Every structure is written in C-alpha cells, then in structure tokens.
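Overview (structure and organization)
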Amino acid sequence: MKKSRILGLFSNFDEAFNAISEIRLHKITGVSVNDVTVISPIEHPEIEEVLGERPSHVPKFTLTGACFGLTFGFLFLASAQATFLVQPQGGKAVIPLPSNIVLTYEMLILFSVLFTVAGFIIGARLLRKRRSLYSEMVTLDQVGIELEVEEKYIEPIKRLFKEHGVLEIREEVAR
Amino acid sequence: MLDRDINEDIKWAKINTDILRSLENPRMGYWVSVGVCLGLLALGITGEVHQYTTGMGPANLNWPHMWDLYIASFIFWIGMSHSGTLLSAILHIIQSDWRKPIYRFAEAMTTFSLLTAGLFPVIHVGRLWNIYWTLPYYSDRGIWPNFRSPLIWDAFAVFTYLTSSALFLFIGMIPDLAICRDNAKGWRKRLYTVLSLGWRGDDRQWRNFRKTYLLMACYLIPLAVSVHSIVSSDFAMSIMPGWHVTTFPPYFVAGALYSGCAAIITLFVLLRYYFRWEDYMTIPILEKVCKLTFAIAMVWTYLNAIEFSAVWYGHDEASKEVLIAKFNGPYAWIFWTMMFCGSVLPFTLTFEKLRRNIPVMFVVSLFLNLGMFFERWMIVAPTLSLAYHPIAWNVMWGSWVEWFIVAGSFGWFGLLFLVFVKVFPSVSMYEVKEMVFHRRQLAHKDVKEIMHRPEGETKTATGRPGLEGA
C-alpha cells in the first residue's frame, strides 16, 4: 500500500496535544499514536502523556562506556607499565594500584561520556539525511505533528488537523 | 526595573532575533577587542619565540624556581575553567532554570580556559620539538612516563575534562545550531548544517537529548572536582614546605570555583553590554551569580584559615617559616592583596545596591580575579623561594619573557572567546524559550499567548530577521 507523510503545523502545544489526543482515542480508525512524531522548538516531556512512554537507550550506552572505560583503562595502564618492565622499579610494584585507581577513574568517565554521546547520536537518529517534510518554523515557535500513514488516511487527518486550528499542512509521498 | 529572572512575556521570535543578531557583522567595539587580544597574543608569541631560540635562560627557570609563573598561570587557567561546566552541570541537575541564559558562554569559557591552560606545561618544559617524548609509547631511549606521578594524572584528568566539557558544550548547543541553520545563508548555513547533525527537534531527539545531557552533567561534576584535586596533588604530594598540606584539594577546588564565578560576572557584564542582552542577562540573574560567588569566597577564606592554622599548629619549622614569610616577607604585598581581593572585597557582594550596580560588579569581578591570580602565585613562589636549603633562598618576580607569555595567554583566551561569540550563539535560545514557557505556565498565563507572534510579523523562514547578510 502506498504511504504518505503529512506534517501539520500548530501555533501552540495545546492545539497539537488535543489533535494527538484524538488520534490516541482512535478517532481515525487505522491511525494510532505510534504513527505520530511531534516536532517542537523546545523539550517537552509532557508529550509522553499523549504519546505514551517511549524508551531511550542512552543510559545503556553510558553503562557500557563505564564498564569499558574501567576495564580498558586499567588494562591499558597495566599493559603499558608491564611493557616498561625494563625501567628500574626500585622495588616498587610494576603495576601500582593507588595511582592506577586515579587514572582508571578518569578513563571510566572519559569513555562513559564518549559512549553517552554515541548513544545519543544513534538513539536520536542524528547524522541521517533530513526528511523533506520539515518546516523551519518548528525551530521558531510552532509545533509540528508528522504522520506516516497509508494514503487513504490523509484526508481524515487533514480534517482533524483543521478542527484543531492547524496553521499549515504539508504532505509528500513516502519513498 | 525588571525584578524577575526573565520577562516571561517575551516572544519566542524575539528571542531568536535578539540572539541571532549577535552573529551578524560585528561593530567597531568587537574589532577593537580583537585588536587588543591580537596585541597581547603578539607579545606572547614574541616571548615564546625568544625562549625557543635562546633556551629557558631568559625565563629564569632555574633552581630553585623550577616552577614559576608558567605553572602559576596553568593553575589559574585550570581554575578559571571550573565554574562554567561545573556550575552549569550542578544547576542543571537541581533544575535551577536561571542558569539557562548564562551557561553557554560559561561553558565556552571552560573549554577555552582549558585550551589556554594546556599551553603552559608545553611552554614550561621548553624543547617544544621534543614534546612527543611525554607520550607513553615504547621508547628505546629509556624515557618512560611515571604513572605514579600526579603530573601524569594531571595530563589524563585535563584531557578527559577538556574532551567532556567540549562535548557537553557541543551537545547542549545542537538545538541552537539547528536554529542557526534554519536562519543562515552561505558558509554559515553549510557550517551549521554539518554541526547540527540533522537535528529537527522531534520527540525522539528531545527524549534522547534530555537523558544524554543529564547523564553528562552527572559525570562532569565528579570529573571537575577530580581535575582540580589532581592539580593540587602536583603540589600536595611533594614534601615541600607549604605544599604538603591535606586541605589542598578542597582549597584548589574552592579557588577554582571562585575564579570561575568571578570570570562569569566579568563576561556576563561585557556580553550584556555589548550585545544589549538586558532581556536575558538580567539583574536578578547577576545577583544570583554574585551571591553564589560570595558563598564560594567564604569557603575559600575558611580553607585559607584552616591551612594557616594547620601549618601553625603542625610545628613543622620549614612550613611555618614559609607561612610567616608570606605574611611579612618579600611577597607580603602580593599575599595581602590576595587576601583583600579574595576575602574582604567579596563583602561588596552582600549589598543589594552594589550587586545591582553593573559597573561596580564589573570592577569587583576584575579584582576578584586579580586576587585569584595572586593566589596561584602565592602557592608556587614562596615555597620555591624559601625551601629547605637557605643557600637556595631567592625571590621570584618573573622575567619579561614570562610576563609576555602570560599576557599572551590572556590574548589567546580572549581571541578564542571573541571568535566563539561571533560564530555560535552565546545564549541558549531553546532553553531561554523553555524558561519563558515554564515561568509563564507557573504564572497561569495563557500558553497560546506565549507562542503567538505579534501581528504583522513575517511568518516565513526566509523573511525572518536573523543572519541575513552574514
């Protein structure tokens, strides 16, 4: 079935929320909130009230980074110190734990942060070619609701948007 | 006079316009500032070239003053870097929204201070052409990094802090870079398109952004504390009189926060004046920063007092002599200036009338930072001047080469900052919008009204005021 994308621009959150609430109540049969993407100029955690809770996997990346930093950090240092065995140790430990704890801690933080950023880029689907349905107004002061649905639902969605005071509607055929 | 952190009636379009205006063609004052910074940088380069060609002799780096103004300046710049990211992270976690208009330039200050600080160890060791010897790689020359030394810890900690705080600054800026992208033309459009990483502000991006920013903030707080603790270990882990002090780590952290806060006040005043950001960098926010600075000043004063008493009652004769020499020796005028600027002058911050007086706060902040620079000098110089061997007693005032390089560091920092404010928005647009939105919600006002543009204003993206002509 041919799919289309539609983007409705609203002047404020209340109108956009009301429109999504109606989609949530299955006012248009066959369209659910899972098809909805909300595009907004500011962070809006309340949106989960209507969209439902959607997961973010960034903390898992952070934890992985922490574990990696901890083990890699210590092993990196220990291997460097072991490689330098030719240097005179003066009876001291080849792998000194107290100083390695400090350095391992720094590596733990470094890799946690790096993995967190990687998790963000992957999770937020950044660095992808931007979809054509986009309006610069959403970085100014408008809220966009985007849906990717079968073509037959486009007209009912347009009507729903208009009921809630949509300012502008854009649509395109999904490739 | 506006008595709220921000005017919640401000329109979102105006926020974009006001902040994006700062990226437009600079005024004369900007070029004058660039000229001054270039002049200072030229002094620094002159000093460095002279040192490079003639060796470390002109810098007076010789026994007993192996560490000199370079290391004092290194601590100063590391300290300066602390308030930006650390305060931003703490205030983000405790959801103090008054940080939103001022955190961006403070975080930039952190990054540039670290970049400046990083130059000093390199300059200090001389022999720039052999600097790669400091890297921990297998070498048949028998030169190995000593992992037990806090100097190596320093390198790890500063590198981690620089990477993390630069990423923290960048991640926090992505939504604003998208705003810039949507309003820019020419090379700026291409630059912001690349840097905004395809941000479009959908719920998936915001959700991940929120988590990422919070997690990074959580990591940056202990990291910032660890960095300056480790810098203090460069001194405290030696057995030199005046350095072998248990309270050095918190003392360094407090000093770092203190100088960072003072620098935030200085830059706050300059940006507010230069870009006419009275609507965003408001007097109540300045007052809050001043109160915070006063609180940190009192912590710093206490830690000084506890350090002096610990040395006094410790009965280590050499340390006691260094302490007494600070009070009445050759460096006494620096010590008392430091104490005046660091412990007495902050009391001006307790008077509301003075806190609200911007020129007064600007001058006070400069003197606070002068005090903090002297503090770093007082950490390094007296101990080296009056160590265990009376034969080596000597006073350090710094040579012209050192002072030129120190001046050059201010020029370098200033230049980086000036470039930053012209290329990137130094006030967070999306967070100011959030602040306005939530404050308005709290005030039970009509949400519709917040986002509604005044009649007659252009609604098309291309017709908007912003970066045209840039």
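Residues numbered from 1 in each chain as written. Chains lettered and ligands numbered in written order. Predicted model: local features only at pLDDT ≥ 70, side-chain atom pairs only at ≥ 80, totals over all residues.

Some remarks on the overall build of chain A
From N to C terminus, chain A includes 5 helices and 4 strands. Counting helices and strands in the order they occur from the N terminus, chain A gives β-α-β-α-α-α-β-α-β. Against the compact-globule benchmark of 16 Å for 175 residues, chain A has a radius of gyration of 25 Å, which places it well outside the compact range. Considering chain A as a whole, with its 175 residues, one finds that 39% of them fall into the buried category. The contacts of chain A with a sequence gap of at least 6 include a subset with a gap of at least 24, amounting to 81%. (Helix = DSSP H or I, 4+ residues; strand = E, 2+ residues; numbered from the N terminus. Rg over C-alpha atoms; globule rule 2.2 N^0.38 Å. Buried ≥ 20, exposed ≤ 12 C-beta atoms within 10 Å, placed from the backbone. Contact = placed C-beta atoms within 7 Å.)

What about the nonpolar core?
Ranked by internal contacts, the top residues of the largest apolar core, which has 180 residues, are Ala16 of chain A together with Ile78, Val227, Tyr258, Ile264, Phe268 and Met378 of chain B. When residues of this core are assigned to their parent elements, the largest contribution, 17 residues, is made by helix H9 (residues 248-275) of chain B. A domain split of this core shows at least three residues from each of domain 1 (3-55 + 131-173) and domain 2 (58-123) of chain A. Once you skip the residues sitting within four places of it in the chain, Met378 of chain B turns out to touch Lys326, Tyr331, Ile334, Phe335 and Met338 of chain B. (Core = buried A, V, L, I, M, F, W, Y, C linked by C-beta atoms within 7 Å. Domains from an automatic or database assignment.)

Thoughts on the interface of chain A and chain B
Taken together, the contact pairs 55 residues of chain A with 50 residues of chain B. Within the residue set of the side of chain A that touches chain B, elements represented by two or more residues are helix H1 (13-24), strand S2 (36-39), helix H3 (58-83) and helix H4 (97-123) of chain A. At 15 residues, the largest contribution of residues to the side of chain A that touches chain B is made by H4 of chain A. Split into classes, the residues belonging to the side of chain A that touches chain B amount to 30 nonpolar, 16 polar and 9 charged. (Nonpolar A, V, L, I, M, F, W, Y, C, P; charged D, E, K, R; others polar.)

Topic: the packing of helix H11 (residues 317-328) of chain B against helix H14 (residues 358-385) of chain B
All names here are of chain B. Two elements in contact, H11 and H14, have axes separated by 10 Å at closest approach and are oriented at 120°. When the interaxial angle is binned, H11 and H14 end up oblique. As for how H11 packs across H14, the hand of that crossing is right-handed. Residues Val322, Ala325 and Lys326 of H11 form the contact with H14, whose participating residues are Met378, Pro382 and Thr383. (Axes fitted to C-alpha atoms, helices over the stretch in contact; angles between N-to-C directions. Parallel < 35°, antiparallel > 145°, perpendicular 65-115°, else oblique. Left-handed = near helix turned anticlockwise from the far one by under 90°.)

Points about the sheet that holds strand S1 (residues 3-10) of chain A
All names here are of chain A. Reading across from one edge, S2-S3-S1-S4 is the order of the 4 strands in this open sheet, with antiparallel pairing throughout. Each edge of the open sheet carries a strand with a single partner, namely S2 and strand S4 (168-173). Taking the axes of each pair of neighbouring strands and ignoring which way they run, one obtains an average angle of 20° across the sheet. One ladder, built from 6 bridges, connects S1 with S4; its direction is antiparallel. The residue of S4 that forms the bridge with Gly8 is Ile169. (Pairing = 2+ DSSP bridges.)

Comments concerning the confidence of the model for chain B
All names here are of chain B. When pLDDT is averaged along chain B, the result is 87, and 93% of the positions lie at 70 or above. Taken together, the stretch residues 457-470 has pLDDT below 50 and engages in 28 contacts with residues farther than four places along the chain or on a different chain. Two summary scores accompany this predicted model of the complex, namely pTM at 0.90 and ipTM at 0.91. (pLDDT = per-residue confidence, 0-100.)

Concerning H14 of chain B
All names here are of chain B. For H14, spanning 28 residues, the distance from its first C-alpha to its last is 40 Å, which sits close to the expected 40 Å at 1.5 Å a residue. In H14, a bend of some 30° at Met378 exceeds every other bend along the element, and Pro382, a proline, comes one to four places later. Judged by how many residues are buried, H14 sits mostly within the fold: 20 of 28 residues are covered. (Expected span 1.5 Å × (residues − 1). Bend = angle between axes of the 7 residues up to and from the residue.)

Focus on the environment of Tyr388 of chain B
Residue and element names in this part refer to chain B. Examined against the element boundaries, Tyr388 turns out to sit in the loop between H14 and helix H15 (400-423). Look at Tyr388 and you get exposed, because 12 C-beta atoms sit within 10 Å. Sequence separation of Tyr388 and Arg127 is 261 residues, and the distance between their C-alpha atoms is 29 Å.

Topic: H9 of chain B
Residue and element names in this part refer to chain B. For H9, spanning 28 residues, the distance from its first C-alpha to its last is 39 Å, which sits close to the expected 40 Å at 1.5 Å a residue. Burial within H9 is extensive, with 21 of its 28 residues counted as buried. Downstream of H9 by one or two residues, Arg276 has phi in the positive range, about 55°.

Some thoughts on the domain arrangement of chain A
How big an interface is tends to be stated in terms of accessible area lost as the parts join. Annotation of chain A at the domain level lists domain 1 (3-55 + 131-173) and domain 2 (58-123). Spacing between the C-alpha centres of domain 1 of chain A and domain 2 of chain A amounts to 45 Å.

Describing the pairing of S1 of chain A
As paired strands, S1 of chain A and strand S3 (residues 143-150) of chain A are joined by 8 bridges and run antiparallel to one another. Its bridge partner lying in S3 of chain A, Lys3 of chain A is registered against Glu150 of chain A.

Overview of the environment of Phe120 of chain B
Residues and elements named next belong to chain B. Looking at the secondary structure, you find Phe120 in helix H5 (residues 119-125). Given 22 C-beta atoms within a 10 Å radius, Phe120 is considered buried. Sequence-wise, Phe120 and Val406 are 286 residues apart; in three dimensions their C-alpha atoms are separated by 9.0 Å. Leave out the neighbours within four places in its chain, and Phe120 touches Tyr70, Ile71, Ser73 and Phe74.

A few points about the packing of helix H4 (residues 103-117) of chain B against H9 of chain B
All names here are of chain B. Interaxial distance between H4 and H9 falls to 10 Å at its minimum, and their mutual angle equals 125°. Here H4 is positioned oblique relative to H9, judged by the angle of their axes. Our pair here, H4 against H9, has a crossing hand that is right-handed. Residues Phe105, Ala106 and Met109 of H4 lie in contact with H9, whose contacting residues are Ala263, Ile264, Leu267 and Leu271. When the residues that make up the contact of H4 with H9 are grouped by side-chain class, the tally is 7 nonpolar, no polar and no charged.

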